[in-house]
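Topology and contacts: notes
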Amino acid sequence: MYRIMRLFFTFVFVFLYGFVSDALASGLPDLGEVGMDDFSLAQERQIGEEIMQAVRGDPAWFDDPEVEEYLNRLGQRLVRAGAEPGRSFEFFVVKDAMMNAFALPGGYIGVHTGLILAAQSESELAGVLGHEIGHVTQRHIAQLVGKQKQSMMMVLASLLVAIAAGDSRVAEAAVMAGQAGAAHAQLSYSRDFEREADRIGLQTLEAAGFDVRGMSAFFERLQRSSRLYENNAPAYLRTHPLTTERISDMENRVMGMRYRQVLDSPDFHYVHARLHVQSLPAAEAARTLKGLVAGKPDDAALHYGRALAQLRLGHLEDAARSLDELRRRAKPSPFIAILSSDLALARRDPGLARDTLAAARKEFPESTSVVYALANAQIVGGRAAEAERDLRRALVGSNSNIRLWRLLARANAALGRRAAQHRAQAEVYFFQGAYRGAVEQLELARRAGDGDFYELSAADARLREIRLRMDEQRQSEKRDEQRKNER
Ligand SMILES: [Zn+2]
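Here's what I pulled together on the structure shown here. None of the values given here were measured: they were computed from a predicted structure.

What follows covers the environment of Phe 219. Tracing the backbone through its elements, the reader meets Phe 219 in helix α10 (residues 213-229). You can call Phe 219 buried: it has 23 C-beta atoms within 10 Å. Look past the residues within four positions of Phe 219 in its chain and what remains in contact with it is Leu 242, Ile 247 and Met 250.

Now the structure itself:
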């Protein structure tokens, strides 16, 4: 995650540095008047999208469609219940055992696998998401830009580190680069920000029908565990300073709210089982789950986890038995359908995998992970043309989805359509921020020799766009160098 955060830090710093310098050069507006309105939502979104390109290209990006889909469903439920239901949000998972969550500009919220596993209930996880959503809807990054004058850039940089980094090396670099005064201003802001994010988070949690005690319970446990760490507190506490005052504030608010007992969704437990199994070597996971199932034979999620572990070990008969135990105890769900189809594929029965997923798509039309799994089963089972058609349809409206592009490249490769394959692969690279790789793929597409007129002109148009983007990037880097030298 270090690389992502460095990129984030550098990018935003460079972006805003350019932004403010341009404002100064044109004489309007004055640095002191650069406020929230000047740092528009569209600009925030643009910064966020560029950072996300780096995130998707980073090995720490947790490429698990089911966990990501769950996190987004939970997050969107909160967003819809919150003060700005129309605001665009995207939630993603970072493979990191450290407990952390962070908001990037533009409504992108990252959550570490370690934090998801540490949440003992769905309401606790929702509490952390609600708090991050609060940072975004209150525009804490942009506000700081508006309030600071002289040392704005340093403050902004340290704030971004505070909100996003969770990496002590980056934080240290920021402190070294920044002035003491700036760092101090950032601290006092962040306490206010924390209080505000807590307030918004609690309101959202209540409106979305979760147990509001989840938030204070989670933070309290975090604080207790931090005493064990001494100077090495969990990243989340470094980025979201937690005080006794904050916790008692939260508890006071909760006392005025209606008590509600809330059951966790089965999906919360499936996600926990998935992360648990993936965090261990397969044999150890299977052993652990065997013990857990013996202790709680009616817990569906444990059978799910056990089946996953057995499948990973290649013990297909055992996995089938665990799947039966699971089905007997649980309602149909995309998690179960995808597990069944994975088992069918392992048993070299792509027809069964396809039928299972086609039925699941009808039953759960909103599920993106079913769309990916179905396309995969179609490609593996020799029906790449169907996959290609479905994927194109799915791409309408989610054009930056690299999983869809990746599958489309595979479908076209299976169909022997090389121009189309390279064109899809170019989009995978583009949305990972690897422009050079995207250009190479588009050139391969043009030379493939099997593209029709439409295919070739589309490749040409995209090539021009990406080259333009690369030029802009180069020029802004050059401008930046010049500014640094002039100072
Ligand atoms: Zn916070």
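When you tally the buried positions in strand β1 (residues 90-94), you get four out of five residues, the bulk of the element. Examined bridge by bridge, β1 and strand β3 (residues 108-112) share five bridges and lie parallel to one another. Across the sheet, the residue bridging to Glu 90 is Tyr 108, located in β3.

Once that is clear, we can look at the sheet that holds β1. Reading across from one edge, β1-β3-β2 is the order of the three strands in this open sheet, with mixed pairing throughout. Two strands in the sheet have a free side with no partner beyond their single neighbour: β1 and β2 (101-104). Recorded for the sheet is a direction-independent mean angle of 20 degrees between the axes of neighbouring strands. Pairing geometry for β2 and β3, over four bridges, is antiparallel. In the sheet register, Ala 101 faces β3, and the bridge partner there is Val 111.

Time to look at the packing of helix α21 (residues 402-414) against helix α22 (residues 418-430). Between α21 and α22, whose axes approach to 8 Å, the crossing angle comes to 160 degrees. The angle between the axes of α21 and α22 places the two elements in the roughly antiparallel class. Considering how the two elements wind past one another, α21 and α22 form a crossing that is left-handed. Contacts between α21 and α22 involve Ile 402, Trp 405, Arg 406, Leu 408, Ala 409, Asn 412 and Ala 413 from the former and Ala 420, Gln 421, Ala 424, Gln 425, Glu 427 and Val 428 from the latter. Residue composition of the contact of α21 with α22, by class: eight nonpolar, three polar and two charged.

Moving on to the pairing of β2. Burial of the side chains of β2 extends over both faces: Ala 101 and Ala 103 are buried on one face and Phe 102 and Leu 104 on the other. Turn length for the β2-β3 hairpin, with the two strands adjacent in sequence and antiparallel, is three residues, and the turn residue Gly 106 shows positive phi of about 85 degrees.

Right, let's get into helix α24 (residues 453-486). Between its first and last C-alpha atoms α24 spans 50 Å; for 34 residues at 1.5 Å apiece the expected length is 50 Å, and the two agree. Among the 34 residues that make up α24, one are buried, leaving the element largely open to the surroundings.

What follows deals with the packing of helix α14 (residues 282-295) against helix α15 (residues 300-313). Relative orientation of the contacting elements α14 and α15 amounts to 150 degrees, with a least axis distance of 8 Å. In terms of orientation, α14 lies roughly antiparallel with respect to α15. Crossing hand, α14 versus α15: left-handed. Residue-level contacts link Ala 282, Ala 283, Ala 285, Ala 286, Leu 289, Lys 290, Leu 292 and Val 293 of α14 to Leu 302, His 303, Gly 305, Arg 306, Ala 309, Gln 310, Arg 312 and Leu 313 of α15. The residue makeup of the contact of α14 with α15, split by class, is ten nonpolar, three polar and three charged.

Here is what the cut-offs are and how they apply
- Position labels on residues start from 1 in each chain and follow its written sequence.
- Predicted model: local features are reported for residues with pLDDT of at least 70 only, side-chain atom pairs are reported and counted for 80 or more only, and whole-chain, interface and lining totals are derived from all residues.
- Helix and strand assignments follow DSSP, with helices taken as H or I runs no shorter than four residues and strands as E runs no shorter than two, numbered in order from the N terminus.
- Neighbour counting defines burial: a residue surrounded by 20 or more other C-beta atoms within 10 Å of its own C-beta is buried, one with 12 or fewer is exposed, and intermediate counts give partly exposed, using backbone-placed C-beta atoms.
- With C-beta atoms placed from the backbone, a contact is any residue pair whose C-beta atoms sit within 7 Å.
- Strands are labelled as partners when DSSP assigns at least two bridges between them.
- Note on geometry: axes are C-alpha line fits, over the in-contact stretch for helices, and angles between N-to-C directions span 0 to 180 degrees.
- Between 65 and 115 degrees an angle is taken as roughly perpendicular, under 35 as roughly parallel, over 145 as roughly antiparallel, and anywhere else as oblique.
- Here a crossing is called left-handed whenever its near helix is offset anticlockwise from the far helix by less than a right angle, and right-handed whenever the offset is clockwise.
- Three classes are used, and their members are as follows: Ala, Val, Leu, Ile, Met, Phe, Trp, Tyr, Cys and Pro are nonpolar, Asp, Glu, Lys and Arg are charged, and the others, Gly among them, are polar.
- Helix span, expected: 1.5 Å multiplied by one less than the number of residues in the helix.

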